[in-house]
Amino acid sequence: MYTFYQMWGVTQPEEARRIIESQRREAVMENPANLEEQAICLVGRDVYATLIKGYTEKQWGRACTELPASIIKRLPVRFTFDNNYFNDRYQGIPVGGYNVLIKGLLDGIEWRTGCNYLDDRAYFDGLADEIVYTGPIDEYFGWSLGFLEYRSLRFEQEMLPVSNYQGNAIVNYTERTVPYTRIVEHKHFEPGNGAVLSLPYTVVTREYPADYTPGSEAYYPVDNKRNRDLHAAYQDMGRCNVPHTWFAGRLGSYKYVDMGQAISSALKLSKALL
Ligand SMILES: Cc1cc2nc3c(=O)[nH]c(=O)nc-3n(C[C@H](O)[C@H](O)[C@H](O)COP(=O)(O)OP(=O)(O)OC[C@H]3O[C@@H](n4cnc5c(N)ncnc54)[C@H](O)[C@@H]3O)c2cc1C
């Protein structure tokens, strides 16, 4: 509703709903030919132009008219004065951040970081009966069936001599002309921590969409038929050739998941294995 107020000056949910509905009706098409047409059918011209067009074109590195309609099936719209991105009842970040949580979980457990499983499979396989592999599944198989596609990101970090740069953990930039998609200001992830908030400096990270080249950091799976089929073929290869290796997590399952889903599927898999 804050957005609709800024766009159209409306304060009542019903007014906003009516504007969106009338723009959707104007745009109704039998078979939207591309992402632009599909998005306008779903949310109307104004929301599309303000929030979706520039952002999507930056993320994908292509014009919305060149992207398939199938990328977006629905665009959820909320008619409440609530600026949260997610609709979940419980939202948050572990106190002190994820590092503290992970450190606690690993207390008393042997662990190593900074080693690549793929560099010495025989050695790591010798340590356990079951292996959970959370890297890219195509890389595991030496890309033997082909490359899975991803979108990547480049992060630019800066320390600024101000206490509070943007007043929020994340601000998204939907315009095409701004080269980054969002700025993260890390201190706001812990709103109750007055000591951090009052420091005279702050750390911000700008996120720039980037092409992915195999072997570099993979972020977002490109969800289309070619990639889904290729991933299924790699999974079959895994079941046949390495039955004690489990391909898990967002890269093993080649699916974008939020933290809650990532944790939930990790718990399910570990229960099944144990
Ligand atoms: C830019 C971005 C922003 C996000 N924002 C949010 C958000 O706001 N809210 C939210 O809920 N979720 C968010 N997510 C999603 C969330 O980060 C993921 O769902 C979660 O991290 C997935 O956990 P995972 O264990 O499956 O994979 P990962 O976190 O990727 O963990 C996989 C691990 O495997 C290791 N690994 C890979 N290959 C090898 C190898 N060969 N040898 C040894 N180790 C290896 C990697 O180093 C990594 O540590 C975001 C994701 C991205 C990319």
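Right above here is the structure, for reference.
Residues numbered from 1 in each chain as written. Predicted model: local features only at pLDDT ≥ 70, side-chain atom pairs only at ≥ 80, totals over all residues. Heavy atoms only, no water.

## Observations regarding the site of the ligand
Right, so step 1: What surrounds the ligand is a group of 17 residues, the closest being Asn 116, Thr 134, Arg 250, Val 257 and Met 259.
Right, so step 2: Here Tyr 117 contributes a backbone N or O atom positioned 3.0 Å from a nitrogen atom of the ligand.
Right, so step 3: Between the ligand and Met 259, the relevant distance is 2.8 Å, taken from an oxygen atom to a main-chain nitrogen or oxygen of the residue.
Right, so step 4: Burial of the ligand by the surrounding chains reaches 62%, relative to a free accessible area of 1,000 Å².
Right, so step 5: Here the shell around the ligand is built from residues that sort into 10 nonpolar, four polar and three charged. (Near = heavy atom within 4 Å. Polar contact = N/O pair within 3.5 Å; in protein donor to acceptor, adjacent residues only side chain to side chain. Areas by Shrake-Rupley, 256 points an atom, 1.4 Å probe, with all protein chains shown as cover. Nonpolar A, V, L, I, M, F, W, Y, C, P; charged D, E, K, R; others polar.)

## Side note on helix α3 (residues 35–43)
Right, so step 1: For α3, every residue scored as buried is listed here: Leu 35, Gln 38, Ala 39, Ile 40, Cys 41 and Val 43.
Right, so step 2: Buried-residue contacts for α3 involve α2 (13–27) and α4 (45–60).
Right, so step 3: Looking at where α3 begins, the residue whose side-chain oxygen comes 3.1 Å from the main-chain nitrogen of Glu 36 is Asn 34. (Buried < 20%, exposed > 50% of the residue type's maximum accessible area, 1.4 Å probe, protein only. Helix = DSSP H or I, 4+ residues; strand = E, 2+ residues; numbered from the N terminus. Contact = heavy atoms within 4.5 Å.)

## Side note on the nonpolar core
Right, so step 1: Grouped together as the largest cluster of nonpolar side chains are 18 residues, with contacts concentrated most on Phe 4, Trp 8, Ala 16 and Val 47.
Right, so step 2: For this core, the secondary structure elements donating two or more residues are α1 (2–8), α2, α3 and α4.
Right, so step 3: Per-element accounting of this core gives the leading share, four residues, to α3.
Right, so step 4: Excluding its chain neighbours within four sequence positions, the residues that come into contact with Phe 4 are Gly 9, Val 10, Ala 16, Ile 20, Val 47, Val 77, Arg 78 and Phe 79. (Core = buried A, V, L, I, M, F, W, Y, C linked by side-chain atoms within 4.5 Å.)

## Regarding the packing of aromatic side chains
Right, so step 1: Tallied over the entire structure, the rule returns 21 aromatic pairs.
Right, so step 2: Geometrically, the ring pair formed by Tyr 140 and Phe 141 is edge-to-face, given 4.8 Å between the ring centres and 75° between the ring planes.
Right, so step 3: The class of Tyr 140 is buried, set by a relative accessible area of 4%.
Right, so step 4: Overall, Phe 141 belongs to the buried group, its relative accessible area being 14%.
Right, so step 5: Arranged with centres 5.7 Å apart and planes meeting at 85°, the rings of Phe 155 and Tyr 219 form a pair that is edge-to-face. Linking Phe 155 in strand β2 (residues 150–160) with Tyr 219 in the loop between β5 (202–211) and β6 (220–221), this pair joins segments that are 64 residues apart in sequence.
Right, so step 6: Within the aromatic cluster, the residues linked to one another by ring pairs are Tyr 117, Tyr 123, Phe 124, Tyr 133, Tyr 140, Phe 141, Tyr 234 and Phe 247.
Right, so step 7: When the ring centre of Tyr 140 is taken as origin, the NZ or CZ atom of Arg 121, which lies over that ring, is 4.4 Å away.
Right, so step 8: For the cation-ring pair, Arg 154 lies above Tyr 208, with the distance from its terminal atom to the ring centre recorded as 4.1 Å. (Phe/Tyr/Trp six-rings, centres within 6.5 Å; stacked < 30°, edge-to-face > 60°. Lys NZ or Arg CZ within 6 Å of the ring centre and 35° of its normal.)

## Considering the pairing of β5
A regular strand places its side chains on the two faces of the sheet in alternate fashion.
Right, so step 1: Taking burial as the measure, the 10 residues of β5 include eight buried ones, the bulk of the element.
Right, so step 2: Sheet topology note: the β2/β5 ladder contains 10 bridges and is antiparallel. Considered in β5, the bridge of Leu 153 is made with Pro 209.
Right, so step 3: Pairing of strand β4 (residues 182–185) with β5, which is carried by four bridges, proceeds in the antiparallel orientation. By the bridge assignment for β5, Glu 185 is matched with Val 204. (Pairing = 2+ DSSP bridges.)

## Topic: the sheet that holds β4
Right, so step 1: Overall, antiparallel pairing links the five strands, which are arranged β3-β4-β5-β2-β6 in an open sheet. Bordering the open sheet on either side are β3 (170–172) and β6, each of which pairs with just one other strand.
Right, so step 2: Here three bridges tie β3 to β4, and the two strands are oriented antiparallel to one another. Among the inter-strand pairings, Ile 170 is bridged to a residue of β4, identified as Val 184.

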